[in-house]
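Inside the fold
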Amino acid sequence: MTLKHDDIPNQEYSNQFQGMRVLVTGGAGFIGSHVTEHLVSSGADVLVLDDMSKGSVENLSSIRDRIRLHEGSVIDRGLVSNLLKEHEPEIVFHLAARNLVLSIENPQLDVEVSIIGLLNLIEEIRKSEHTKVFVHSSSGSVYGEPLEFPQTETHIRSPTSPYGIAKMAAEEYLRVWNDLYNLQYISLRYYNVYGPRQSSEEDTGGGVIPIFANRLLSGLPLIIDGSGKQERCFTYVTDVVRSNLLAAVNKDCWCDNYNIATTERTNIITLAKLMMETAEVETPVEFGPARLGEVMKFYPSVDLAVRKMGYSPRVTLRDGLPIYFEWLRSNGF
Ligand SMILES: NC(=O)c1ccc[n+]([C@@H]2O[C@H](COP(=O)([O-])OP(=O)(O)OC[C@H]3O[C@@H](n4cnc5c(N)ncnc54)[C@H](O)[C@@H]3O)[C@@H](O)[C@H]2O)c1
């Protein structure tokens, strides 16, 4: 299968974003920059709000002159209010967040970004007549360790990290703001997203795929945290982008939570082998201590998203990894 990293058929929502004003928070980050690129190529008028704590202008270099980029924080209520008044977005894609590792290091800041930041946005949206829907980036981390397989959206939520707690609280604010104020929203629970531009910083919560890739290409051993038997659903970034765009235009699926993942499950030992095979590089594998707050097994059902949103995961790990390595190598790694 030949796939460019940005190959995302958009017939499903063609023309629906033409001329539409949208706000993307966290739009200079890994997933947010891909969402922004695809919105721009679908004709949207995009404002990005990002505090650049993890994001970068380089992530948006292909479209820098076609978007408005505002460096600032969702925690700043005055700023959020001004930007919403100026841009009048019809859709808000909310991706700004800190990651799981950072949430353990600084849970207060995690709450500020994920809960106060969300409240700032939905309180200001409530006053505006322009915003039709709020598309929220949630996470499979809301569930904690699964008790039932596969895990549907009604599975009990029992997060094992401050990050998961804040994502769960955010989902609840959205549900209650819908009851109280008729806020239209959709929460997308992503699982282990990977692809070009993902952070590989080991001590500040980079993903396992970019960390392994960097180590492989630098001739360093791969260090597996814990037993390596942790099972993950590695979801290629364009599948997540498509879920955002489908969610935004498909009113029938609004006001609910959806698992967004691939249907393949892979443990970390298998991932390490597959990555060595894909990169055609062999390196020793070592085992380190387990990560705090880590869930052992993810096994989500995406049936609801398939049925109601028309979502389907399209890129398998065997197809996605070569695209990712190609991107790394063409960017000098
Ligand atoms: N990557 C994954 O596997 C994964 C899985 C589940 C959920 N998610 C969610 O998807 C979203 C995007 O994640 P990502 O992987 O692209 O991470 P990322 O760190 O690359 O992107 C997050 C962006 O938010 C920005 N940001 C952080 N705090 C901010 C603030 N106070 N105000 C404005 N911007 C701020 C960062 O600078 C960054 O650009 C997040 O909400 C994340 O929780 C990601």
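It should be noted that the structure appears before, not after, this text.
The present account deals with the structure reproduced in this document. (Residues numbered from 1 in each chain as written. Predicted model: local features only at pLDDT ≥ 70, side-chain atom pairs only at ≥ 80, totals over all residues. Heavy atoms only, no water.)

Within the protein, the regular secondary structure consists of 10 helices and 13 strands. A compact globule built from 333 residues would reach a C-alpha radius of gyration of about 20 Å, and the protein, at 19 Å, matches this within 12%. Overall, the protein is about 55 × 40 × 35 Å in size when its C-alpha atoms are taken along their principal axes. Counting across all 333 residues of the protein, residues that qualify as buried make up 55%. Put simply, 79% of the contacts in the protein that link residues at least 6 apart link residues at least 24 apart. Accessible surface, the protein as shown: approximately 14100 Å² in total, 49% of it carbon and sulfur. Of the charged side chains in the protein, 31 are positive and 43 negative, and the gap between their average positions amounts to 3 Å. (Helix = DSSP H or I, 4+ residues; strand = E, 2+ residues; numbered from the N terminus. Rg over C-alpha atoms; globule rule 2.2 N^0.38 Å. Buried < 20%, exposed > 50% of the residue type's maximum accessible area, 1.4 Å probe, protein only. Contact = heavy atoms within 4.5 Å. Areas by Shrake-Rupley, 256 points an atom, 1.4 Å probe, with all protein chains shown as cover. Lys, Arg positive; Asp, Glu negative; His and termini not counted. Charge placed at Lys NZ, Arg CZ, Asp CG, Glu CD.)

Burial analysis of helix α6 (residues 208-217) places 7 of its 10 residues in the buried class, which makes it a mostly covered element. Residues Ile209, Pro210, Ile211, Phe212, Ala213, Arg215 and Leu216 constitute the buried set of α6. Summarising the contacts, the buried residues of α6 are in contact with β7 (193-194), β8 (222-225), α8 (268-279) and α10 (317-330). Following α6 by one or two positions, glycine 219 has its phi on the positive side, about 70°.

As summarised here, the arrangement of the 7 strands in space is β3-β2-β1-β4-β5-β6-β11, forming an open sheet in which the pairing is parallel. A strand with exactly one partner marks an edge of an open sheet, and here the two such strands are β3 (68-71) and β11 (257-260). Put simply, the sheet's adjacent strands are angled 20° from each other on average, direction ignored. Pairing between strand β2 (residues 45-50) and β3: 4 bridges, direction parallel. Each residue of the ladder has a partner; that of leucine 49, found in β3, is histidine 70. In the packing of helix α5 (residues 162-181) onto the sheet, the strands contacted are β5 (133-139), β6 (185-190) and β11, and the crossing angle to β5 comes to about 155°. (Pairing = 2+ DSSP bridges. Axes fitted to C-alpha atoms, helices over the stretch in contact; angles between N-to-C directions.)

As a further point, take the packing of aromatic side chains. Under the definition given, this model contains 8 aromatic pairs. Measuring from ring centre to ring centre gives 5.5 Å for tryptophan 177 and tyrosine 181, while their planes differ by 70°; the resulting arrangement is edge-to-face. Within this pair, tryptophan 177 and its partner tyrosine 181 are both found in helix α5, separated by 4 residues, close to a single helical turn. For tryptophan 177, a relative accessible area of 12% corresponds to the buried category. Here the aromatic cluster, defined as three or more aromatic residues joined through ring pairs, consists of Tyr324, Phe325, Trp327 and Phe333. Lying over the aromatic face of phenylalanine 149, lysine 297 brings its terminal NZ or CZ to 4.6 Å of the ring centre. (Phe/Tyr/Trp six-rings, centres within 6.5 Å; stacked < 30°, edge-to-face > 60°. Lys NZ or Arg CZ within 6 Å of the ring centre and 35° of its normal.)

Right, let's talk about the packing of α6 against α10 for a bit. Two elements in contact, α6 and α10, have axes whose closest approach is 11 Å; the angle formed by their N-to-C orientations is 55°. When the axis of α6 is compared with that of α10, the two are oblique. In the crossing of α6 with α10, the sense of the turn from one axis to the other is right-handed. Listed contacts from α10 to Ile209, Pro210, Ala213, Leu216 and Leu217 of α6 are Leu317, Leu321, Tyr324, Phe325, Leu328 and Arg329. Class assignment of the residues belonging to the contact of α6 with α10 gives a composition of 10 nonpolar, no polar and 1 charged. (Parallel < 35°, antiparallel > 145°, perpendicular 65-115°, else oblique. Left-handed = near helix turned anticlockwise from the far one by under 90°. Nonpolar A, V, L, I, M, F, W, Y, C, P; charged D, E, K, R; others polar.)

Here the focus is the pattern of salt bridges. Under the definition given, this model contains 16 salt bridges. Put simply, arginine 175 and glutamate 172 hold a salt bridge, and the shortest N to O gap is 2.7 Å. With arginine 175 and glutamate 172 both in helix α5, this residue pair falls 3 residues apart, about one helical turn. Its salt-bridge partner being glutamate 277, residue arginine 318 comes within 3.2 Å of it at the nearest N-O pair. Pair noted here: arginine 318 is in helix α10 and glutamate 277 is in helix α8, with a separation of 41 residues, a long-range link. (Salt bridge = Lys/Arg side-chain N within 4 Å of Asp/Glu carboxyl O.)

Our focus in this paragraph is the site of the ligand. Surveying the vicinity of the ligand reveals 26 residues, the closest of which are Phe30, Ile31, Asp50, Tyr163 and Val193. In this structure, an oxygen atom belonging to the ligand sits 3.2 Å away from a main-chain N or O atom of serine 53. Interatomic distance of 2.9 Å between a backbone N/O atom of lysine 54 and an oxygen atom of the ligand. Taking 820 Å² as the accessible area of the ligand by itself, protein coverage stands at 89%. Among the secondary structure elements, those contributing two or more residues to the shell around the ligand are α1 (30-41), β5 and α5. If one sorts the elements of the shell around the ligand by residue count, β5 sits on top with 3 residues. Partitioned by chemical class, the residues of the shell around the ligand number 12 nonpolar, 10 polar and 4 charged. (Near = heavy atom within 4 Å. Polar contact = N/O pair within 3.5 Å; in protein donor to acceptor, adjacent residues only side chain to side chain.)

Attention now goes to unusual backbone geometry. In this model, phenylalanine 149 is joined to proline 150 through a cis peptide bond whose omega is -10°. Within the secondary structure, proline 150 sits in the loop between β5 and α5. At asparagine 182, a residue that is not glycine, the phi angle is positive and equals roughly 65°. With respect to the secondary-structure elements, asparagine 182 resides in the loop between α5 and β6. By relative accessible area, which is 54% here, asparagine 182 ends up exposed.

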